[in-house]
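Below, each chain spelled out in residue letters.
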Amino acid sequence: MDLFARRPVVCAAPSGRRSRVAQPMTAAAASGQFELQECSVCATVQYPPREACCRCLSDELVWKHQSGAGELLSRTALHHSHDPYFRSRVPWHVGLVRLDSGVSILAHLPADAPKPPARVWVEAHLDRKGAGVLVAFGRSDGAGLTEDPRLQEMCSDPGSANVFVTDGGSLHSQAVVRALAAAGAARIWVGFESAGDSFVVPQGLCDLPRVTCLRMDVTDEPCVGAVAASIAGEIDIMINTAAIAQSRGVDAARSEMEVHYFGLLNLARHFVSPLSERAIRTRRLCPAWVNVLCVSGLRGYPSWGTYGASMAAARSLSECLRVQLREAGVRVVNVYPGPLDDRRSEQHQVPKLGAPAFAQSIVEGLRAGVEEVFPGEVAQEWFHGHRGRQL
Amino acid sequence: MRDSDRKAYDEVAIAVPVTIPYVRHSTRGAHWFAARALAALLEGSGLEKKGLDGLCFSSFTAGPDNAVAMTQHLGITVRWLDHIPMGGVSGIVALRRAARAVQCGDARVVACIAADTHTLGSFRSIVEDFSQFSRDAVYPYGAGGANASFALLTDYYMRTYGARAEDFGKMCVEQRENARHCPYALLRKPLTIEEYLNARPIAEPLRLFDCVMPCAGAEAFLVMTRRRAAELHLPHAVVLGATECHNPFPDEPIQTRGGWALDRDELFSQAGISRHSVDLVQTYDDYPVMSVIQLEDLGFCAKGEGADFIRSHSFTTNGTFPLNTCGGQLSAGQAGTAGGFLGITESLRQVTNTAPGAQVEDARFALVSGFGMMVYDRGLCSGAAILERAG
């Protein structure tokens, strides 16, 4: 081995440092929203974020949704950067945008952004470090991120990715596998709990191209370790779908914790290191760890009972993982569906989420590069009613 | 034009221009360069330490120390002290502050010193933490440091006003001609227009020779009464006029003019001379476009006519418009805040006929312009001063 061979600089993530006043932009970007500070008194929109209104000095500032429409005034391609992340990815394109709201914004640009002066649309996204950044596109359909060879690192497009779905036992997780296959995933591993020496695979799933079924039980730590040893070094996206049906009683509550919380803990013990090691060399996408949780993990719903408590525990653990994995450039995505259209939710008298829609929301969330996904009407209701107070 | 009843800088002298030779990188701290500058000021003036009673200090790299700590480092006792970390306008502002202190008797002799080191990695840390806005809205885009900001401005200026790379190149080539005979310039090798145009891109449209080279060094001068300067038999200049302006035109989408556009009439009326009387000009030339903007805003040509001005003038010391007569920062290097002193020390040498490099014949009036502090998307500080040969 040539010790002195020139190797590419390994740098998985840019600097994630932000001032406290700038944090809300990241929080909004985590669920795909572009928000800027607006003054409650004089309605001035301002950027970069400040402690007081730069016009009337009021400190009554609120973060409000922005259309993002503006004009690209100038652009440059950086062939040098003081930041190692960007230095190893030059030429890097940035531009100066004058938003229609009257603020000037330095934004990332896709390489094929229009020549200034031109109309552009600014979106807020999370960079590889999970920090909010602004990106200007020459189109307003919101689909520009996945198509740029540099910006695609801000999202986790399953196309061409290696994906592991931890539990294929439910109709909803099987729909996720089908959606991933349709999205062009390179390889898909799907875990199934064993029934004795073998495991039962639903009709048709393993017949999908590029799909491999394997034995996996998140509550069985040696089993989790064995699976990690065999495939974790190849995974770009892991989707933890392990969940049990809701029922009542103390034993049920223990089982819920066993699967939702301790199952996730087992995954964390065996998958964090190999995923991080692979991620540091990955540039084609932001590697992702998706945890399918439940909107009942965000607040107590009496009808969900102990189920929600176990999901709250899992959510808390997932958020710890998120902070830890950010350093390695891995994104932790929490999915909070409302009641699913399955046996588990029979007693809920609310709109239920069908399997294909659930699966599609996960694929779309990965493509959009968000950290929080709220699939279905109940989850959307919660999101619009509570965001900012609880997240 | 601003209403003004500002007092003249009567009886104020500026003397003893000091340059501590620049080096590309140094293992010395900023304090070393400050100590060498103070020693040179004492040697050049024949004063003892106790003959100084004021200190005006500028540095980006002396941190955590400021001017206060510097008194103990350098072992001086002063009754007047100022810290001016204003980058490219530090020299103008130091001169204005010190001149008033001397004029009003708060200090008799003020040492104005700008000292910065350049160690491996020191520039990156300055850039990363330059300002809160920079940390939140520039560095995370790979665009920390001035290259990206001036690339965006140059792109805009060229498109809006029809300036060409050849125009900026002509200015750089002629400035380099001035540097050939200046022992203080790090870059003295003649530059051809072909070399300029074929240099590697740094941040499009900027190429290598459009960008100042960070380095270590110090610049310094003394401010005292004319009577004291005469007693000490020091060649000196007087301050005819000086202005400064911070955060001009905050609502303009992109910076195409600085505070000079507000202050130029006041500058020349305080000086009591016409701009046609000026024998040489030192612009703050961190990038060619910025020199052009200063020449426009100071009234040497109209806004947008900078390229024509370049084509119709020659900028060498014997040319039609002697500009940056020691080669400017583009040849000398940019020693941090000392870059904001360079125009003053060089002007002082020219009007006292003590330039070690090429001398402008019979130079009487020198105009020095300063510009600095790209806090977010524009340089916030601008200033200018007119010096006249004394006696």
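Here we come to the sheet that holds strand β16 (residues 331-335) of chain A. Sheet architecture is open: seven strands sit in the order β13-β10-β9-β14-β15-β16-β17 (chain A), paired in parallel fashion. At either margin of the open sheet sits one strand with a lone partner, and together these are β13 (211-215) and β17 (372-373) of chain A.

In this assembly, 31 residues from chain A lie in contact with 31 residues from chain B. When contributions to the side of chain A that touches chain B are tallied by element, the ones reaching two or more residues are β4 (69-78), β5 (92-99) and β6 (104-108) of chain A. Sorting elements by how many residues they give to the side of chain A that touches chain B places β4 of chain A first, with six residues.

The next point concerns the domain arrangement of chain A. All names here are of chain A. Examined at the domain level, chain A breaks down into domain 1 (20-153) and domain 2 (162-386). Summarising the inter-unit geometry, the C-alpha centres of domain 1 and domain 2 are found 31 Å apart. On the side of domain 2, 13 residues touch domain 1, which itself brings 12 residues to the contact. Partitioned by chemical class, the residues of the side of domain 1 that touches domain 2 number three nonpolar, six polar and three charged.

A few words now on helix α6 (residues 306-326) of chain A. Residue and element names in this part refer to chain A. Look at α6: 30 Å from first C-alpha to last across 21 residues, which is about the 30 Å you get at 1.5 Å a residue. Taken together, the buried positions of α6 are Tyr307, Gly308, Ser310, Met311, Ala314, Arg315, Ser318, Leu321, Leu325 and Arg326. Looking straight down α6, one finds that the buried residues subtend no more than 145° of arc, so they occupy a single side. Relative to its buried face, α6 has exposed residues pointing more than 90 degrees away, namely Ser316, Cys320 and Val323. Taken together, the buried residues of α6 touch α5 (250-279), β15 (288-292) and β16.

Cut-off values and rules
- Residues numbered from 1 in each chain as written.
- Chains lettered and ligands numbered in written order.
- Predicted model: local features only at pLDDT ≥ 70, side-chain atom pairs only at ≥ 80, totals over all residues.
- Pairing = 2+ DSSP bridges.
- Helix = DSSP H or I, 4+ residues; strand = E, 2+ residues; numbered from the N terminus.
- Contact = placed C-beta atoms within 7 Å.
- Domains from an automatic or database assignment.
- Nonpolar A, V, L, I, M, F, W, Y, C, P; charged D, E, K, R; others polar.
- Expected span 1.5 Å × (residues − 1).
- Buried ≥ 20, exposed ≤ 12 C-beta atoms within 10 Å, placed from the backbone.
- Arc of directions from axis to C-beta.

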